Amino acid sequence: MPHASVRTGIPAHPLDNPAYDSLTGAHARFAEGRGRVLRYQTDVSPWLGLPADPNATDWADLAALAGPGVEVALPGVRVALPEGWEVTFDMEGVQLVDEAVDARPDEEAVRLGADDVTEMLALVERTRPGPFLPRTVELGTYLGIRRGGELIAMAGERLHPPGWTEISAVCTDAAFRGQGLGSRLVRAVAAGIRERGETPFLHTAAANTGAISLYESLGFRIRRTTRFLAARVPEHSAG
């Protein structure tokens, strides 16, 4: 069930707090928690879920769950951090949703799995699409394109709030860019999401106007702005 807004009591949209709604739903098997705070297992994803209205107890629980001095990802968090928490990364982002994507399978795309993780991690290291860890592949369907046996492009599924699936890790090796491989993989991943009766969405940096224009040309529209934030737990925490 969607959580309710503290201010209005109206059920919030699943995409307003997608990590939390994923960890309390489809991705509960990957969740570790303390109190109301949830996070993905640390080899799956760095994302964690805070309730929409984190209080002092929630921050103490997060500090205890993560450990002193540990950097934690706080996607979408716009409330003030408690005293002693050091912001280590802060970037504005946008959330886009499928409005008219021409979703369709791709004959060249192959399903990627555990046996492909070494290559996937190497491609991510070269292209830097965002966090991708040894077990991220377990979050959903990942598709790749190979040339000469080498993995040169991929895209897949990450967050999974009710009725929605995020497309993530869209990346292409520099030597093969400009061929539309990323667009083809986004359409193919979107087709699989649509087949389940769900709607694709994705995130990107607000400053990445090139990516935003590309996604809009594919049929996504900006739903809202968001924030990609990371902070370090105080070395001496009451938690």
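Our subject is the structure that appears above.
Quick summary incoming for the structure in this document. (Residues numbered from 1 in each chain as written. Predicted model: local features only at pLDDT ≥ 70, side-chain atom pairs only at ≥ 80, totals over all residues. Heavy atoms only, no water.)

## A closer look at the packing of aromatic side chains
Phase 1: All told, the structure shown has four aromatic pairs when counted by the stated rule.
Phase 2: With centroids separated by 5.6 Å and ring planes inclined at 80°, the aromatic side chains of Phe132 and Tyr142 adopt a geometry described as edge-to-face. With Phe132 in the loop between α3 (117–127) and β7 (142–147) and Tyr142 in strand β7, the pair connects residues that are 10 residues apart, well separated along the chain.
Phase 3: The buried category is assigned to Phe132, whose relative accessible area is 7%.
Phase 4: Geometrically, the ring pair formed by Tyr215 and Phe220 is edge-to-face, given 6.1 Å between the ring centres and 75° between the ring planes. Phe220 shares its class with Tyr215; the two are buried. (Phe/Tyr/Trp six-rings, centres within 6.5 Å; stacked < 30°, edge-to-face > 60°. Helix = DSSP H or I, 4+ residues; strand = E, 2+ residues; numbered from the N terminus. Buried < 20%, exposed > 50% of the residue type's maximum accessible area, 1.4 Å probe, protein only.)

## A word on the pairing of strand β5 (residues 86–98)
Phase 1: Bridging between β5 and strand β11 (residues 220–232) involves 12 bridges; their strand directions are antiparallel. Counterpart to Glu92 in the pairing with β11 is Arg227.
Phase 2: Where β5 lies against strand β10 (residues 199–205), five bridges are found, and the strand directions are antiparallel. Bridging from a neighbouring strand, Leu96 pairs with Leu202 of β10. (Pairing = 2+ DSSP bridges.)

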